[in-house]
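Observations on the three-dimensional arrangement
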Amino acid sequence: MKPVYLALTLSIAALMGCSKETNTSSTTSSSSDKTDKVKISAVETKKYEPCVIPEVEGYQQVGCLRDGLAGVVSRNEADPYTMKNRVGYVNQQGKLIIPFEYDGIVAGEGGEEITFNDFSEGLVAVTKNEKFGFINTKGKVVIPLQYDWVNNFSEGLAVVSKNGQYGAIDKTGKIVIPIEYDWLGDFNEGFAAAGLASENEASKYGLIDKNNKEVIPFIYDGMGSFSEGLVAVQKDGKWGYVNKENKPVIAINLDYEQVNDFSNGLAAVFSFEENSDNMKYGYIDKTGKLVIPMNFTRVYWEDSEGKIDFKNGYALVNDSEGRQFCINTKGKEAECPAGIDSSHKYFNNEYDEEAVVMTDMATDQQVGANSEGVDVNTQPVLATVNKMRQVD
């Protein structure tokens, strides 16, 4: 994992006094180590929800409709980079349902962009005055803005952080997983990757269930998200995949820089291109065989979160010429299904043309070793991740 994730170098220090993949990757250990977050691919057992962006005008950024609402960033020509009171939510018809009462989240390769979280499971993570909490689709605060950072809900639980430690709460705000981990991923298929560090030692990663029971011991240098019955693990610089019994299904000898979680039976794997920070990637099957060649390229600064992994049989990829297109699970070019690109539509400060696309922040991620940055979209508020996780 590398500067690809730098994409969201969050000048966040201010934003959250701490605080936020996928694309593909992992995370290293101690708080002083650099970390790399990765996107957790859509799971075959979960229903993939296409991104539908409402046809509205006059905003700096528009998000995906989730639970009937889409986030928007208001324009502020006098101070286009201010975070204060920039985020609201509109319905499919473009009516403003939740006014601009919440602050934006720092995004962009140099922290020059503003973004927000999309709704998930009826709630959305919002921030104001550098604290995070949750509101419902009526705009009512259901979990007070009291945390240094939070992620959106996944399987009924949301990761939260205070004072550099991580845990999880339910939708009533009750702490279900104690805030005692150095890192905690979103729950997926009933499990979440977590990191613990002992004094003067790098973090080690393991898997816990929703009762905070250790399922896989904290022995790995990096770990992904449990998906399709497997979880990516890293040991001594090599990757592999184990099941929930911690039995290797794909031997821990894969010599890739990064790996993604399985989605539709395939997982993206990455290696650096020669003399470049860009990465080439292809896809392996559940035997570890490279079944789709590494003919695709991820530019180091590019936000590919939510695109590379397969969804309903299709993945959005880029070639070395910068062309973007879809492939099917055989690796053949195919017509892209509607809504496969789960990205926010972003307009530049002159508001005269589309400029950039920011991926939906409400995603999972992997953590592992050899990281040098944070992918812009691997826990929700990217920007915030650097500080919060103290991995930069």
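The rules we used
Residues numbered from 1 in each chain as written. Predicted model: local features only at pLDDT ≥ 70, side-chain atom pairs only at ≥ 80, totals over all residues. Heavy atoms only, no water. Pairing = 2+ DSSP bridges. Helix = DSSP H or I, 4+ residues; strand = E, 2+ residues; numbered from the N terminus. Disulfide = S-S within 2.5 Å. Buried < 20%, exposed > 50% of the residue type's maximum accessible area, 1.4 Å probe, protein only. Salt bridge = Lys/Arg side-chain N within 4 Å of Asp/Glu carboxyl O. Phe/Tyr/Trp six-rings, centres within 6.5 Å; stacked < 30°, edge-to-face > 60°. Lys NZ or Arg CZ within 6 Å of the ring centre and 35° of its normal. 1 Å grid on protein atoms, 1.4 Å probe; cavity = no way out; pocket = protein on both sides within 12 Å on 5 of 7 lines; lining within 4 Å. Points joined across faces, edges and corners; volume = space filled by probe spheres on them. Nonpolar A, V, L, I, M, F, W, Y, C, P; charged D, E, K, R; others polar.

1. A closer look at the sheet that holds strand β26 (residues 290-298)
Reading across the sheet, the 4 strands line up as β23-β24-β25-β26 and stay open at both edges, with antiparallel pairing between neighbours. Strands with a single pairing partner mark the edges of an open sheet, and in this sheet they are β23 (258-259) and β26.

2. Some details on the state of the cysteines
Overall, the coordinates contain 2 disulfides when judged by the stated rule. Between the sulfur atoms of C51 and its disulfide partner C64 the distance amounts to 2.0 Å. Around the S-S axis, the bridge from C51 to C64 shows a dihedral of about -95° and counts as left-handed. Here C64 lies in the loop between β2 (59-62) and β3 (70-74) and C51 lies in the loop between β1 (36-37) and β2, a separation of 13 residues in the sequence. Both residues of the pair, C51 and C64, belong to the buried class. One disulfide in the model links C326 with C336; its S-S distance is 2.1 Å. Between C326 and C336, the S-S dihedral sits near 110°, and the bridge is therefore right-handed. Placement of C326 in strand β28 (residues 324-328) and of C336 in the loop between β29 (333-334) and β30 (343-347) is noted, with a sequence separation of 10 residues between them. Overall, the relative accessible area of 34% leaves C336 in the partly exposed class. Ordering the disulfide-forming cysteines of the chain by sequence position, one finds them joined as 1-2, 3-4.

3. Observations regarding the pattern of salt bridges
Following the criterion strictly, the structure yields 11 salt bridges and no others. Put simply, E121 and K171 hold a salt bridge, and the shortest N to O gap is 3.4 Å. Pair noted here: E121 is in the loop between β7 (113-115) and β8 (123-128) and K171 is in the loop between β13 (165-169) and β14 (175-181), with a separation of 50 residues, a long-range link. Residue K171 is classed as partly exposed on the basis of its relative accessible area of 37%. K131 serves as the salt-bridge partner of D148, at 2.7 Å between the closest nitrogen and oxygen. Taken together, the residues span a long stretch of sequence, with D148 in the loop between β10 (141-147) and β11 (149-150) and K131 in strand β9 (residues 131-136) at a distance of 17 residues. Exposure remark for K131: the relative accessible area of 31% places this residue in the partly exposed category.

4. Let's talk about unusual backbone geometry
Within the chain, N163 stands out as a residue other than glycine whose phi angle is a positive 50°. Inspection of the secondary structure assignment puts N163 in the loop between β12 (158-162) and β13.

5. A closer look at the packing of aromatic side chains
Inspection of the entire model under this criterion finds 15 aromatic pairs. Residues W149 and Y166 carry aromatic rings whose centres are separated by 5.8 Å and whose planes lie at 70° to one another, so their mutual orientation is edge-to-face. Taken together, the residues span a long stretch of sequence, with W149 in strand β11 and Y166 in strand β13 at a distance of 17 residues. For W149, a relative accessible area of 0% puts it in the buried group. One aromatic cluster in this structure is built from F270, Y281, Y283, F296, F310 and F325. Taking the ring centre of Y220 as reference, the NZ or CZ of K235 above it sits at 6.0 Å. When the ring centre of F262 is taken as origin, the NZ or CZ atom of K286, which lies over that ring, is 5.8 Å away.

6. A look at empty space enclosed by the protein
Empty space among the atoms can be located by rolling a probe the size of a water molecule over them. Estimated volume of the largest cavity: approximately 50 Å³. Together, V87, Y89, Y102, D103, G104, I105, T115, F116, N117, A125, V126 and T127 line the largest cavity. Of all elements in the fold, only β4 (87-90) and β8 reach the threshold of two or more residues within the lining of the largest cavity. The leading source of residues in the lining of the largest cavity is β8, at 3 residues. Grouping the amino acids of the lining of the largest cavity by side-chain chemistry returns 7 nonpolar, 4 polar and 1 charged. The space that makes up the second largest cavity amounts to roughly 30 Å³. For the second largest cavity, the lining is made up of 10 residues, of which D186, A192, A193, G224 and S225 are closest to its centre. In terms of residue count, the dominant contributor to the lining of the second largest cavity is strand β16 (residues 191-196) (3 residues). Within the lining of the second largest cavity, the residues separate by chemical class into 5 nonpolar, 4 polar and 1 charged.

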